[in-house]
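# Results of the structural survey
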Amino acid sequence: EPEVTQTPSHQVTQMGQEVILRCVPISNHLYFYWYRQILGQKVEFLVSFYNNEISEKSEIFDDQFSVERPDGSNFTLKIRSTKLEDSAMYFCASSDSPPNTEAFFGQGTRLTVV
Amino acid sequence: AQSVAQPEDQVNVAEGNPLTVKCTYSVSGNPYLFWYVQYPNRGLQFLLKYITGDNLVKGSYGFEAEFNKSQTSFHLKKPSALVSDSALYFCALLYNFNKFYFGSGTKLNVKP
């Protein structure tokens, strides 16, 4: 069964450092998303991406965040200068043709900012 | 504004008994509703969805959900719970094809 893969599974970084979280969506999917989940809390929307551009972003997704699809397979989330409060589980998701098809989520990257 | 509410932080049920995990929503326009399950240290796994049509939708692992437009609810159900069903369950609303609004999650504990 096709799946969304994320790397790394766990990233520890120092406050102020840049991190790049990587995702490989399912190959024929066109819609891509990033969500985050702070430990024990709600799953929060960050950004959606379609047709090589951001289609929607949340208030959380400020200038410190950016997304990119550098080639035909990868979808990355960059945090330029990490803060302690960026510590969370970050999930990538992809979908073929919402709402008729559901979004498939990756296993997540646990980001710890120290 | 769009939103999803899961009023119960935790649901406890004995194995073999029926279970219900509650979800209510608010949306302008057609509701596209989903249930996902999260096991410890894992991603979100799709269970089922309501797009249109029959109000009772069936999904993976014997789960089903009933869409009720008048009550703006989409409760998740299973006739006979298994210990292996213990996990965190999220109700989600897809809005504008761009964005899922997730509920706060309900922890299901199924005891032997």
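Whatever comes next refers back to the structure up there.
The text that follows walks through the structure, step by step, so that each part is easy to find. (Residues numbered from 1 in each chain as written. Chains lettered and ligands numbered in written order. Predicted model: local features only at pLDDT ≥ 70, side-chain atom pairs only at ≥ 80, totals over all residues. Heavy atoms only, no water.)

Before going further, it helps to spend a moment on the packing of aromatic side chains. In the structure shown here, the tally under the stated rule is 26 aromatic pairs over all chains. With a centroid separation of 4.3 Å and 15° between ring planes, the pair formed by tyrosine 31 of chain A and tyrosine 50 of chain A is classed as stacked. With tyrosine 31 of chain A in strand 4 (residues 31-37) and tyrosine 50 of chain A in strand 5 (residues 43-50), this residue pair connects regions lying 19 residues apart in the sequence. Taking relative accessible area as the criterion, tyrosine 50 of chain A reaches 34% and is therefore assigned partly exposed. Judged by centre distance (5.8 Å) and plane angle (50°), the rings of tyrosine 35 of chain A and phenylalanine 105 of chain A are tilted. Of this pair, tyrosine 35 of chain A sits in strand 4 while phenylalanine 105 of chain A sits in strand 10 (residues 104-105); the two residues are 70 residues apart in sequence, bridging distant segments of the chain. Comparing tyrosine 35 of chain A with phenylalanine 105 of chain A, the two get one shared label, buried. Through successive ring pairs, a cluster of aromatic residues spans Tyr33, Tyr35, Phe45 and Phe105 of chain A together with Phe34, Tyr36, Phe46, Phe90, Phe100 and Phe102 of chain B. (Phe/Tyr/Trp six-rings, centres within 6.5 Å; stacked < 30°, edge-to-face > 60°. Helix = DSSP H or I, 4+ residues; strand = E, 2+ residues; numbered from the N terminus. Buried < 20%, exposed > 50% of the residue type's maximum accessible area, 1.4 Å probe, protein only.)

Once that is clear, we can look at the pattern of salt bridges. Residue and element names in this part refer to chain B. This model, assessed by the stated rule, comprises 7 salt bridges over all chains. Between lysine 77 and glutamate 66 there is a salt bridge, with the nearest N and O atoms lying 3.4 Å from each other. Placement of the pair is lysine 77 in strand 9 (residues 73-78) and glutamate 66 in strand 8 (residues 64-68), with a sequence separation of 11 residues. Taking the relative accessible area as the measure of exposure, glutamate 66 reaches 37% and is therefore partly exposed. The salt bridge involving aspartate 85 is made with lysine 78; its shortest N-O contact spans 2.8 Å. (Salt bridge = Lys/Arg side-chain N within 4 Å of Asp/Glu carboxyl O.)

Bringing unusual backbone geometry into the picture now. Cis rather than trans, the peptide bond between threonine 7 of chain A and proline 8 of chain A has omega equal to -10°. Along the chain, the position of proline 8 of chain A falls in the loop between strand 1 (5-7) and strand 2 (10-13). If you check the backbone angles, asparagine 96 of chain B has positive phi at about 60° while not being a glycine. With respect to the element layout, asparagine 96 of chain B can be found in the loop between strand 10 (87-95) and strand 11 (99-102).

Turning to the pairing of strand 5 of chain A, a few remarks are in order. Two faces, one strand: in a regular strand the side chains alternate between the faces of the sheet. All names here are of chain A. Across the 8 residues of strand 5, 6 count as buried, placing the element largely inside the fold. Bridge count for strand 4 against strand 5 is 7 bridges, and the pairing is antiparallel. By the bridge assignment, arginine 36 is partnered in strand 5 with glutamate 44. Hairpin connection, strand 4 to strand 5: the antiparallel pair is bridged by 5 residues, and glycine 40 has positive phi, about 75°. In terms of strand pairing, strand 5 meets strand 6 (residues 53-57) through 4 bridges, oriented antiparallel. Each bridged residue has a counterpart across the sheet, and for tyrosine 50 the counterpart in strand 6 is glutamate 53. In this structure, the hairpin formed by strand 5 and strand 6 is closed by a connection of 2 residues, where asparagine 51 is found at a positive phi of approximately 55°. (Pairing = 2+ DSSP bridges.)

Contacts between the two partners involve 22 residues from chain B, matched on the other side by 21 residues from chain A. In this structure, glutamate 102 of chain A and lysine 49 of chain B form a salt bridge, with 3.3 Å as the shortest nitrogen-oxygen distance. Put simply, chain B and chain A have 8 residue pairs in polar contact (both at pLDDT 80 or more) between them. Of all the secondary structure elements, the ones that give two or more residues to the side of chain B that touches chain A are strand 5 (32-38), strand 6 (44-50), strand 10 and strand 11 of chain B. By residue class, the composition of the side of chain B that touches chain A is 13 nonpolar, 6 polar and 3 charged. (Contact = heavy atoms within 4.5 Å. Polar contact = N/O pair within 3.5 Å; in protein donor to acceptor, adjacent residues only side chain to side chain. Nonpolar A, V, L, I, M, F, W, Y, C, P; charged D, E, K, R; others polar.)

Okay, the side chain of aspartate 85 of chain B next. Residue and element names in this part refer to chain B. When you line up the elements, aspartate 85 lands in the loop between strand 9 and strand 10. Of the residues examined, aspartate 85 reaches a relative accessible area of 4% and is grouped as buried. With residues near it in sequence (within four places) discarded, aspartate 85 still touches Leu19, Phe63, Lys78, Ser80, Leu108 and Val110.

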